[in-house]
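# Secondary and tertiary structure notes
Single-letter residue listing:
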Amino acid sequence: GENVEQHPSTLSVQEGDSAVIKCTYSDSASNYFPWYKQELGKRPQLIIDIRSNVGEKKDQRIAVTLNKTAKHFSLHITETQPEDSAVYFCAASLAGRRALTFGSGTRLQVQP
Amino acid sequence: DAGVTQSPTHLIKTRGQHVTLRCSPISGHKSVSWYQQVLGQGPQFIFQYYEKEERGRGNFPDRFSARQFPNYSSELNVNALLLGDSALYLCASIWGRERDTQYFGPGTRLTVL
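Throughout what follows, the structure given in this document is the object of discussion. If you're wondering where the values come from, they're calculated on a predicted model, not measured in any experiment.

### A look at the side chain of Ser74 of chain B
Residue and element names in this part refer to chain B. Looking at the element boundaries, Ser74 is found in strand S8 (residues 74-78). For Ser74, a relative accessible area of 1% gives the class buried. If we ignore the near neighbours within four places in the chain, the residues touching Ser74 are Leu21, Arg22, Cys23, Val32, Trp34, Arg67, Gln68 and Phe69.

Encoded structure:
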């Protein structure tokens, strides 16, 4: 089955700096890659997603890039703010199955 | 995602008991998935239902079962509870032509003593 690895496990940045979280996936058939933000005690919230026919997608301060050849994708957050502090999960969906396989999460802390 | 509802919010059970968790998807969504999230880990896929039929099953024992009703709401049942079943159980309402965009509900926190 699909395996998703996520790095780093923790990330601390200063307010205003950029943050990058990276994920690799094992199954080349995967074609959907969402990112979720989960604050303490709350539900995972979909923040951005990308499909395999696109290499990059942006939404304001958030962007995701996908390298199908290398089987990795990354989340980029620019101009970080304290409210960006949370655990971020990447996930991959196997084409035709649609069950999400999640990474282990990255705890992002933005220092004011 | 605010439209996905789950009940109850918290539940405490003892080993060997049975539990039923409930989920209502966003209006217009016909597919739901269930995930288990153990503290400190990412969610793990349990089941997916579309149009009341099981469309996928994760690597969970037969003690776990689910069903979807004509109004697209869903139930997750867990029999013979073990301490290791303690987790946050998340329901996702699924949208999109590819049926892959998933919006999570608030979850049910299950504690097994």
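Anyway, onward from the coordinates.
### Notes on the environment of Tyr36 of chain A
Assignment of secondary structure puts Tyr36 of chain A in strand S4 (residues 30-38). Taking the C-alpha atoms as reference points, Tyr36 of chain A and Asp84 of chain A, 48 residues apart in sequence, are found 12 Å from one another. Ignoring sequence-local partners within four residues, the contact set of Tyr36 of chain A consists of Pro44, Gln45, Leu46, Ile47, Val87, Tyr88, Phe89, Leu100 and Phe102 of chain A together with Gln102 and Phe104 of chain B.

### Some thoughts on the pairing of strand S7 (residues 62-67) of chain A
Residue and element names in this part refer to chain A. Sheet topology places strand S6 (residues 56-59) next to S7; four bridges connect them, and they run antiparallel. Note on S7: the bridge partner recorded for Glu56 is Thr65. The hairpin formed by S6 and S7 contains two residues between the paired strands, and Gln60 there has a positive phi angle of roughly 55°. Sheet analysis places S7 next to strand S8 (residues 72-77), joined by six bridges and oriented antiparallel. Residue pairing in the sheet places Val64 in a bridge with Leu75 of S8. Hairpin connection between S7 and S8: a loop of four residues separates the two successive antiparallel strands, and Lys71 in this loop has a positive phi of roughly 55°.

### A few points about the state of the cysteines
All names here are of chain A. Per the stated rule, a full pass over the model turns up two disulfides over all chains. With a sulfur-sulfur separation of 1.9 Å, Cys23 is cross-linked through a disulfide to Cys90. Judged by the torsion about the S-S bond (-100°), the Cys23/Cys90 disulfide is left-handed. Of this pair, Cys23 sits in strand S3 (residues 19-25) while Cys90 sits in strand S9 (residues 86-94); the two residues are 67 residues apart in sequence, bridging distant segments of the chain. Since its relative accessible area comes to 1%, Cys23 is described here as buried.

### Details of the interface of chain B and chain A
Residue-level contacts link 24 residues of chain B with 17 residues of chain A. Counting the surface lost from both chain B and chain A, the interface buries some 1,700 Å², and carbon and sulfur atoms represent 49% of this. Connecting chain B to chain A are zero salt bridges. Viewed at the interface, chain A and chain B are joined by five residue pairs in polar contact (both at pLDDT 80 or more). A per-element tally of the side of chain B that touches chain A places strand S10 (residues 101-104) of chain B first, with four residues. For the side of chain B that touches chain A, the per-class residue count stands at 10 nonpolar, nine polar and five charged.

### Details of unusual backbone geometry
Along the chain, His7 of chain A connects to Pro8 of chain A via a cis peptide bond; the corresponding omega equals -5°. In this structure, Pro8 of chain A sits in the loop between strand S1 (4-7) and strand S2 (10-14). Across the junction of Ser7 of chain B and Pro8 of chain B, the peptide omega takes the value -5°, indicating a cis bond. Residue position: Pro8 of chain B is located in the loop between strand S1 (5-7) and strand S2 (10-13). A positive phi angle, near 70°, is found at Lys52 of chain B, a position not held by glycine. Positionally, Lys52 of chain B belongs in the loop between strand S5 (44-50) and strand S6 (53-57).

Calculation notes
Residues numbered from 1 in each chain as written. Chains lettered and ligands numbered in written order. Predicted model: local features only at pLDDT ≥ 70, side-chain atom pairs only at ≥ 80, totals over all residues. Heavy atoms only, no water. Helix = DSSP H or I, 4+ residues; strand = E, 2+ residues; numbered from the N terminus. Buried < 20%, exposed > 50% of the residue type's maximum accessible area, 1.4 Å probe, protein only. Contact = heavy atoms within 4.5 Å. Pairing = 2+ DSSP bridges. Disulfide = S-S within 2.5 Å. Buried area = accessible area lost by both parts, 1.4 Å probe. Salt bridge = Lys/Arg side-chain N within 4 Å of Asp/Glu carboxyl O. Polar contact = N/O pair within 3.5 Å; in protein donor to acceptor, adjacent residues only side chain to side chain. Nonpolar A, V, L, I, M, F, W, Y, C, P; charged D, E, K, R; others polar.

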